[in-house]
Amino acid sequence: MTVTLEVSDNVGTIRLDRPPMNALDVATQDRLRELAEEATRRDDVRAVILYGGEKVFAAGADIKEMQAMDHAAMVVRSKALQDSFTAVARIPKPVVAAVTGYALGGGCELALCADFRIAADNAKLGQPEILLGLIPGAGGTQRLARLVGPSRAKDLIFTGRHVKAEEALTIGLVDRVVPAAEVYEQAHAWAARLAQGPALALRAAKEAVDAGLGTDIDTGLTIERNWFAGLFATEDRERGMRSFVEEGPGKAKFL
């Protein structure tokens, strides 16, 4: 399998495994969607890590495979490509990308689907599609602009240049830079911490932020209000408030 899902301590690791560079061919894209949907369904998965291994996250699409496609073929395939990445972005649980080595093209777009990005100090990210006479097609023009702003997104997309880890941190493309040997460990610690939290409240928080970004402030506030009120019907809310009153803040256990 080019992508696997391993679960331990309520943390699911979606691991890319297509040596040497984890090129995202059609089969890998489709498998990624299947496992994102599985992680969404499984109750024993409460947080997710995206990981490509110790050496590389994903160096982009399989260019040889794409070269053989004509316009008609890509009209059909492009929707499935986007759907695979959207399935990852819509996992209703905390998702962290553990980025080592190259995260280019589709690899960068996959990292953009996470809620949080931890990068190795040797990581390089970018959207080099322009160098092929193309633009990003798996969400890069949309998610990158929303994350770092339109001007910085256009800089990366127009030039196709690679961004080293420290610059990626400065512009907000990644959230933390750590030694390469610690990337997965720190990603797992982040995911494991959130896996202990209230699953429905975390799902509500993620949907409220993500859906709100795609609309106006009044609609976003309505989304927030509906989720906020709805959580008062949950056992986790009862447990959390009872613990606060009886034991003090931050001591509630939700598993």
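Above this text is the structure in question.
Residues numbered from 1 in each chain as written. Predicted model: local features only at pLDDT ≥ 70, side-chain atom pairs only at ≥ 80, totals over all residues. Heavy atoms only, no water.

Student: Could you give me a rundown of the overall build of the chain, with the residues and numbers involved?
Tutor: When you go through the chain residue by residue, the secondary structure sums to 11 helices and 9 strands. Principal-axis analysis of the C-alpha atoms places the extent of the chain at approximately 65 × 40 × 35 Å. Counted over contacts in the chain with a minimum sequence separation of 6, partners at least 24 positions apart contribute 69%. When the accessible surface of the chain is totalled, it reaches about 13300 Å², and 55% of it is carbon and sulfur. With 31 positive and 35 negative side-chain charges, the chain shows a separation of 1 Å between the mean positions of the two kinds. (Helix = DSSP H or I, 4+ residues; strand = E, 2+ residues; numbered from the N terminus. Contact = heavy atoms within 4.5 Å. Areas by Shrake-Rupley, 256 points an atom, 1.4 Å probe, with all protein chains shown as cover. Lys, Arg positive; Asp, Glu negative; His and termini not counted. Charge placed at Lys NZ, Arg CZ, Asp CG, Glu CD.)

Student: Account for the sheet that holds strand E5 (residues 102-104), with residues named and values stated.
Tutor: Neighbouring strands of a sheet are bound in pairs by backbone hydrogen bonds; such pairs are parallel or else antiparallel. Strand order in the open sheet formed by 3 strands is E5-E7-E8, and the pairing between neighbours is mixed. In the strand order of this sheet, the two ends are held by E5 and strand E8 (162-164), each with one partner. Averaged over all pairs of adjacent strands, the angle between strand axes in this sheet comes to 20°, irrespective of strand direction. Here E5 pairs with strand E7 (residues 124-126) via 3 bridges, running parallel. Bridge pairing in E7 links Tyr102 to Lys124. (Pairing = 2+ DSSP bridges. Axes fitted to C-alpha atoms, helices over the stretch in contact; angles between N-to-C directions.)

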